[in-house]
Amino acid sequence: MDNNKLEGVALKLFDINAVKFGEFMTKSGIETPVYFDLRVIVSYPRVMELITSLLCDIVATKVKKYDHICGVPYTALPIATLMSVQAKKPMLLRRKEAKAYGTKKMIEGHYNVGETCLIVEDVITSGSSVLETVKELNKEGLVVNNAVIILDREQGGRKNLETNNVNVDALFTMTELIGILEKHKKITKEMSMKVRNYLTEVKAPVTGSSEERMLLSYEKRAELTSNPVAKQLFNIMSIKKTNLCLSVDLTSSIKILELLEKVGEYICLVKTHVDIIEDFSLDFITRLKQLAQRFNFLILEDRKFADIGNTVLLQYQKGLYKISEWADCVTSHSLPGEGILKSLSTPCNGLENRGVFLLAEMSSEGNLISPEYREVTVNMASKYPNIITGFVCQNKDTFKDPGLIQLTPGVQLESAKDDLGQVYNSPDKVILDNGADIIVVGRGIIAAKSPEAQAVIYRDTLWKCYLKRVSGKLE
Ligand code: 5BU
């Protein structure tokens, strides 16, 4: 490769502020001394031209065969377009969200199953954005063996991609870029050392493990989910800074509403057992929904469906409670088999944006769920990504997908158990060791002298544990 050209690009990137030095915070809450914003390069046609020609040179020498080029949205799209034109290879366009009408295609362009596609990306850290695009292309029967990128931050992304059989070629590694900038006195020796130390200390999580899920921020995970309720929940948690779900196990609708007036602002989700309410009415539901809207929380009806698909469909949509009309999400057992998920994903009354938390484990002593049952439950859920919000479970190894939510009940600050088999863990234990994303607290709050004060304590304690988890230094 032409080293002069390469140095020229590095210096230009520095001049146009596409690379900055100082103290920055990454999306996942980790401090970094170097930050890239390659979006700005679209304002510099000469830089675009240089980068395109250098990337095309790499591809010509390193990539044996490819039929298409696809950029990772959005920063890499213009670069991929220019490369496609220069190399005279057809481009594919990946959508971030499927169109709501017409064709629901995620990949636009003409292609045949079995053809190969080269990926273009600006920067890789963990490689997870590239992998998302690979996943979409694979779904269409396209094969991805190679990715070309502008900058490899050397924090584990290359390894993650190679583990997934995607070979990576980069214009620069971070070390090379820093070397050029130091040589040309754009940055001090000190800064260069600082960046090098940072690179050895902070590694991106390994993709596809439950550890990765635990280290990603809710904000990031909102982008990785296929279920609209999970997306909303991740967003609410990030905005309100709370991962507390209140289980309102009270038998009076007035008491439930009074309680939510006081604690609504501290929770991301309210969990109901609608069949224990003695004065249930549709007016209660109207008021519950008003509170949900006012305080920005979602509603989970903990119905624990467990019958054949047809009965569950009736239990979900009909009867006194008409759960499907108001609950954003419900809980369900996997015991009856896939029919239960088919029935819960049946479109009803034109309502979309519904979710299901599938029970993969329980908190009660002596429950009969075995590791095998847990595993087949998770496999079953993977066939219904649009409807599955996450799992009710106790253990981080239950699932890996960072787009799904681990909902964990059985949490209290004070007690270790109740008299009827419930087992409690501490916030620390469930979030840091066991991987809980949303934590269900019932009597820990509702039975307290001041539920409001107690909700604040839980909210603060749980959020602190989450922050500690995502800021953890890795490896
Ligand atoms: P508690 O008061 O924090 O013990 O209430 C816990 C709530 O979570 C209660 O409504 C249970 O029905 C629910 N729950 C649970 O405790 N354990 C489980 O494994 C499942 C649900 Br699934």
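On a predicted model such as this, the values are computed, not experimentally measured, just so you know. (Residues numbered from 1 in each chain as written. Predicted model: local features only at pLDDT ≥ 70, side-chain atom pairs only at ≥ 80, totals over all residues. Heavy atoms only, no water.)

Observations regarding helix H18 (residues 451–470)
No. 1: With 20 residues, H18 ought to run about 28 Å at 1.5 Å a step, and its terminal C-alpha atoms sit 28 Å apart, in line with that.
No. 2: Among all positions in H18, only Gln454, Ala455, Tyr458, Arg459, Leu462, Trp463, Cys465, Tyr466, Arg469 and Val470 are buried. Buried residues of H18 fall within an arc of 155° about the axis and therefore sit on the same side. Away from the buried face of H18 by more than 90 degrees, exposed residues Lys464 and Lys468 are located. (Helix = DSSP H or I, 4+ residues; strand = E, 2+ residues; numbered from the N terminus. Expected span 1.5 Å × (residues − 1). Buried < 20%, exposed > 50% of the residue type's maximum accessible area, 1.4 Å probe, protein only. Arc of directions from axis to C-beta.)

Observations regarding the sheet that holds strand E13 (residues 355–359)
No. 1: One closed barrel holds the 8 strands; their spatial order is E9-E10-E11-E12-E13-E14-E15-E16, and the pairing between them is parallel. Neighbour to neighbour, the strand axes of the sheet diverge by 25° on average, direction disregarded.
No. 2: Judged from the 3 bridges that link them, strand E14 (residues 388–392) and strand E15 (residues 405–408) form a sheet pairing that is parallel. Residue pairing across strands places Val392 opposite Leu407, the latter belonging to E15. (Pairing = 2+ DSSP bridges. Axes fitted to C-alpha atoms, helices over the stretch in contact; angles between N-to-C directions.)

Examining the UniProt feature "active site" (unreviewed entry) in the protein chain
No. 1: Residues given the UniProt feature "active site" (unreviewed entry) here are Asp302, Lys304 and Asp307.
No. 2: Topologically, Asp302 is positioned in strand E11 (residues 298–305).
No. 3: Contact partners of Asp302, with chain neighbours within four places excluded, come to Lys271, Thr272, His273 and Thr331.
No. 4: Note that Lys304 resides in strand E11.
No. 5: Setting aside anything within four residues of it in sequence, one finds Lys304 in contact with His273, Thr331, Ser332, His333, Leu359 and Met362.
No. 6: Side chain to side chain, Lys304 and Asp302 meet in a polar contact 2.9 Å long. (UniProt positions renumbered as here; feature names shortened; annotations may be inferred. Contact = heavy atoms within 4.5 Å. Polar contact = N/O pair within 3.5 Å; in protein donor to acceptor, adjacent residues only side chain to side chain.)

So, the pairing of E14
Consecutive side chains of a regular strand alternate in pointing toward one face of the sheet and then the other.
No. 1: The element E14 is largely enclosed, with a buried count of 5 among its 5 residues.
No. 2: Two strands pair when backbone bridges link them, and E13 and E14 are joined in this way by 4 bridges, in the parallel orientation. Bridge pairing links Leu359 to Val392 in E14.
No. 3: Taking the sense of rotation as the criterion, the β-α-β connection linking E13, helix H15 (residues 371–381) and E14 turns out right-handed. (Right-handed = clockwise from strand over helix to strand, strands pointing away.)

Description of the packing of helix H11 (residues 253–263) against H18
No. 1: H18 packs onto H11 with a crossing angle of 50° between their chain directions and a minimal axis gap of 9 Å. Looking at the two axes, H11 sits oblique to H18. As H11 packs across H18, the resulting crossing turns out to be right-handed. Contacts between H11 and H18 involve Leu259, Lys262 and Val263 on the former and, on the latter, Pro451, Glu452 and Ala455.
No. 2: In terms of residue class, the contact of H11 with H18 is built from 4 nonpolar, no polar and 2 charged. (Parallel < 35°, antiparallel > 145°, perpendicular 65-115°, else oblique. Left-handed = near helix turned anticlockwise from the far one by under 90°. Nonpolar A, V, L, I, M, F, W, Y, C, P; charged D, E, K, R; others polar.)

Considering the packing of aromatic side chains
No. 1: Across all of its chains, the model carries 10 aromatic pairs by this definition.
No. 2: A connected cluster of aromatic rings, assembled from ring pairs, spans Tyr218, Phe234, Trp463 and Tyr466.
No. 3: Over the aromatic face of Tyr66 sits the side chain of Lys89, whose NZ or CZ is 4.7 Å from the ring centroid. (Phe/Tyr/Trp six-rings, centres within 6.5 Å; stacked < 30°, edge-to-face > 60°. Lys NZ or Arg CZ within 6 Å of the ring centre and 35° of its normal.)

Points about the sheet that holds strand E6 (residues 116–124)
No. 1: Here we have 6 strands laid out as an open sheet, ordered E5-E4-E3-E6-E7-E8, and mixed in their pairing. With partners counted over all chains shown, the strands left at the sheet margins are strand E5 (107–108) and strand E8 (167–173), one partner each.
No. 2: Pairing geometry for strand E7 (residues 143–152) and E8, over 6 bridges, is parallel. Bridge pairing in E8 places Leu151 opposite Phe172.
No. 3: This element, helix H6 (residues 174–183), spans E7 and E8 of the sheet and lies at about 15° to E8.

Regarding the site of the ligand
No. 1: By nearness alone, 17 residues border the ligand, and Asp249, Ser363, Gln422, Tyr424 and Arg443 come closest of all.
No. 2: Note that an oxygen atom of the ligand is positioned 2.8 Å from one of the side-chain N or O atoms of Lys271.
No. 3: Gln422 places a side-chain nitrogen or oxygen 2.8 Å from an oxygen atom of the ligand.
No. 4: Contact with the protein chains removes 90% of the 500 Å² of surface that the ligand exposes when unbound.
No. 5: Counting residues per element, the ones that place at least two in the shell around the ligand are E11 and strand E16 (438–441).
No. 6: Class assignment of the residues belonging to the shell around the ligand gives a composition of 7 nonpolar, 5 polar and 5 charged. (Near = heavy atom within 4 Å. Areas by Shrake-Rupley, 256 points an atom, 1.4 Å probe, with all protein chains shown as cover.)

Section: the nonpolar core
No. 1: Counting 57 residues, the largest nonpolar core has Leu246, Leu260, Ile388 and Phe391 as its most contacted members.
No. 2: No other element matches helix H12 (residues 282–295), which puts 6 residues into this core.
No. 3: Look past the residues within four positions of Ile388 in its chain and what remains in contact with it is Asn227, Leu341, Val356, Leu358, Ala381 and Leu404.
No. 4: In terms of nonpolar packing, the next biggest core, distinct from the first, is built from 48 residues, Met48, Val63, Tyr66 and Val148 among them. (Core = buried A, V, L, I, M, F, W, Y, C linked by side-chain atoms within 4.5 Å.)

Side note on helix H3 (residues 77–87)
An α-helical turn contains 3.6 residues, so any two residues separated by three or four positions project in the same direction.
No. 1: Listed in full, the buried residues belonging to H3 are Leu77, Ile79, Ala80, Met83 and Ser84. All buried residues of H3 lie within an arc of 155° about the axis, which places them on one face of the element.
No. 2: Those residues of H3 that are buried are in contact with helix H2 (45–62), strand E3 (68–71), strand E4 (91–94), E6 and E7.
No. 3: Where H3 ends, the next residue or the one after it, Lys88, has phi of about 55°, a positive value.

Some details on the pattern of salt bridges
Side chains that differ in sign of charge can pair as their charged atoms come close.
No. 1: Enumeration over the complete set of coordinates arrives at 24 salt bridges.
No. 2: Between Arg469 and Asp437 there is a salt bridge whose closest N-O contact spans 2.7 Å. Within this pair, whereas Arg469 is found in helix H18, its partner Asp437 is found in the loop between helix H16 (427–433) and E16, the two being separated by 32 residues in sequence.
No. 3: With a relative accessible area of 5%, Arg469 lands in the buried category. (Salt bridge = Lys/Arg side-chain N within 4 Å of Asp/Glu carboxyl O.)

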